[in-house]
Amino acid sequence: MAERWTIGEFSRITHLSIRTLRRYHEQDLLVPAEVDPGTGYRYYTPAQIRPALTIRRLRELDLPLADVRDFLRTQSGGTGEGGHAAQRIVAAHLRRLEDRLGQTQRAVQALRELLDPQAERTVSLEVLPPQRVLAVTLDIPPGADLSWYDAAMSDLDAAVDDRPVLPPGGRYQHTLFTDGHGRATVYLPAEAPLPPGAPSTVKLLQLPQRTAAVATHRGPHDDIDLTYSAVGAFASHNDLRAQDLVEEIYLVGPRDTDQPDRWRTLVAWLIDPDSSRSTT
């Protein structure tokens, strides 16, 4: 007769409590190798040690029950396509955990900055030169996700083809942030005329010379609200009357590097040039 252990023995071997093993059985995650029909006693085999410990780790990593079941089902396929599918399930969840960890770390950094009364982001008053750009302008409805930005950039990329361009940018009404809807213009600098066959959404636009309170945001945009607060407060403290637009220029972004810590975004709080004065 093959070696088998009672639930108590299996619990001691795996350091999983009897209660946990019963729950795994009820959740159809780890079904005992044998259940005595008369007594209801559960029995386990050595081959179930690794699955039991794997389930424990997956649950400790908050992998949803449905995904754990999919993992166990596909893993039973061995080293073929089933095994690869099991690996993909875990790999996708690990990426989600890494993203969550990164967000937590950035939230901690932002909180430390907020708790430090000496911490200030550098803001200056600058004049941005006039610029010829290819642009896509959209009215963003309430509740929209950011897919509109990706679609706009896709159209702009199609218009410029392989020609080198300066960093992309965007001009956004403040209502996009305060009310969740408003007008947005996404652009790519381009001196050449609009090429034939460009997407109909792409138009030539001449950006005027504009005055702005400017700061360079470093890293991903999880804490870009701190940079916005800095430029907005700078404008207010210096009696600079704000326009209804803020401009972002993506000096270094996801198009340039897959390392978010290297991203650099110029945040320009556009102001009425007639209200500007020396801030030195």
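Above this text sits the structure in question.
Residues numbered from 1 in each chain as written. Predicted model: local features only at pLDDT ≥ 70, side-chain atom pairs only at ≥ 80, totals over all residues. Heavy atoms only, no water.

S.K.: Just to check I follow, could you spell out the packing of aromatic side chains for this structure?
M.R.: The description of an aromatic ring pair rests on the distance of the ring centres and on the angle between the ring planes. A complete count under the given rule lists 7 aromatic pairs for this structure. Taking 4.5 Å as the distance between ring centres and 5° as the angle between the ring planes, the aromatic pair formed by Phe 10 and Tyr 44 counts as stacked. Here Tyr 44 lies in strand β3 (residues 42-44) and Phe 10 lies in helix α1 (residues 7-14), a separation of 34 residues in the sequence. Overall, Phe 10 belongs to the buried group, its relative accessible area being 0%. For Tyr 44, a relative accessible area of 0% corresponds to the buried category. Members of the aromatic cluster, each reached through a chain of ring pairs, are Trp 148, Tyr 149, Tyr 172, Phe 177, Tyr 228 and Tyr 250. Positioned over the ring face of Tyr 43 is Arg 4, at 3.8 Å from the centre of the ring. (Phe/Tyr/Trp six-rings, centres within 6.5 Å; stacked < 30°, edge-to-face > 60°. Helix = DSSP H or I, 4+ residues; strand = E, 2+ residues; numbered from the N terminus. Buried < 20%, exposed > 50% of the residue type's maximum accessible area, 1.4 Å probe, protein only. Lys NZ or Arg CZ within 6 Å of the ring centre and 35° of its normal.)

S.K.: Looking at this model, I keep getting lost on unusual backbone geometry. Mind explaining?
M.R.: Positive phi outside glycine occurs at His 15, with the angle close to 60°. Residue His 15 is classed as exposed on the basis of its relative accessible area, which comes to 67%.

S.K.: Even after reading the chapter, I still don't get the pairing of strand β10 (residues 242-252), so can you show me in this structure?
M.R.: Look at any regular strand and the pattern is simple: side chains alternate between the two faces of the sheet. Alignment of strand β6 (residues 169-173) against β10, held across 5 bridges, turns out to be antiparallel. Within the sheet, the bridge partner assigned to Gly 169 lies in β10 and is Ile 249. As defined by bridge partners, β10 adjoins strand β11 (residues 264-271) across 7 bridges and the pair is classed as antiparallel. The residue of β11 that forms the bridge with Tyr 250 is Thr 265. (Pairing = 2+ DSSP bridges.)

S.K.: Looking at this structure, I do not really get the packing of α1 against helix α3 (residues 49-60). What am I missing?
M.R.: A pair of packed helices is captured by two measures, namely the crossing angle of their axes and the spacing between those axes. Remark: α1 packs on α3, axes separated minimally by 11 Å, with the N-to-C direction vectors making an angle of 65°. Relative to α3, α1 is oriented so that their crossing is right-handed. Residues Phe 10, Ile 13 and Thr 14 of α1 touch α3, and the partners they reach there are Ile 49, Ala 52, Leu 53 and Arg 56. Grouping the amino acids of the contact of α1 with α3 by side-chain chemistry returns 5 nonpolar, 1 polar and 1 charged. (Axes fitted to C-alpha atoms, helices over the stretch in contact; angles between N-to-C directions. Left-handed = near helix turned anticlockwise from the far one by under 90°. Contact = heavy atoms within 4.5 Å. Nonpolar A, V, L, I, M, F, W, Y, C, P; charged D, E, K, R; others polar.)

S.K.: Whenever I open this one, the sheet that holds strand β4 (residues 124-128) confuses me. Can you help?
M.R.: Where strands meet in a sheet, backbone hydrogen bonds hold them as pairs that are either parallel or antiparallel. Strand order in this open sheet of 8 strands is β4-β9-β11-β10-β6-β7-β5-β8, and the pairing throughout is antiparallel. The sheet is open, and its two edges are formed by β4 and β8 (203-207), each paired on a single side. Strand-to-strand twist of the sheet, defined as the mean angle between neighbouring strand axes without regard to direction, takes the value 35°. Contacting β5 (131-140), β6, β7 (182-189) and β10, helix α6 (residues 147-160) crosses the sheet at an angle of about 30° to β7. Contacts from helix α8 (residues 224-237) reach β4, β9 (210-218), β10 and β11 within the one sheet, and its direction differs from that of β11 by about 30°.

S.K.: Please clarify how the sheet that holds strand β1 (residues 5-6) should be interpreted in this entry.
M.R.: Read from one edge to the other, the open sheet built from 3 strands follows the order β1-β3-β2, with strand pairing classed as antiparallel. The open sheet has two edge strands, β1 and β2 (34-35), and neither has a second partner. Judged from the 2 bridges that link them, β2 and β3 form a sheet pairing that is antiparallel. By the bridge assignment, Val 35 is partnered in β3 with Arg 42.

S.K.: I would appreciate a short explanation of helix α2 (residues 18-26) in the present structure.
M.R.: In an α-helix, one turn spans 3.6 residues; hence positions three or four apart end up facing the same way. Buried within α2 are the following residues: Thr 20, Leu 21 and Tyr 24. Projected onto a plane normal to the axis of α2, the buried residues spread over an arc of 100° and lie on a single side. In α2, the exposed positions angled more than 90 degrees off the buried face are occupied by Arg 19 and Glu 26. Where α2 is buried, its residues touch α1, β3 and α3. (Arc of directions from axis to C-beta.)

S.K.: How should the nonpolar core be read in this particular structure?
M.R.: Buried together is how nonpolar side chains tend to be arranged in soluble globular proteins. Core analysis: the biggest nonpolar cluster contains 32 residues, and Leu 156 and Tyr 172 have the highest contact counts within it. Those elements that provide at least two residues to this core are β5, α6, β7, β9, α8, β10 and β11. The greatest single-element share of this core, amounting to 7 residues, is contributed by α6. The residues contacting Leu 156, other than those within four sequence positions of it, are Leu 134, Ala 135, Val 136, Val 186, Tyr 187, Leu 188 and Val 202. (Core = buried A, V, L, I, M, F, W, Y, C linked by side-chain atoms within 4.5 Å.)

S.K.: Hey, could you run me through the pairing of β9 in this one?
M.R.: The element β9 is extensively covered by neighbouring structure, given that 7 of its 9 residues are classed as buried. Two strands pair when backbone bridges link them, and β4 and β9 are joined in this way by 5 bridges, in the antiparallel orientation. From the neighbouring strand, Ser 124 faces β9, where its bridge partner is Val 214. Bridge analysis of β9 against β11 gives 8 bridges, and the strand direction is antiparallel. Its bridge partner lying in β11, Ala 215 is registered against Val 267.

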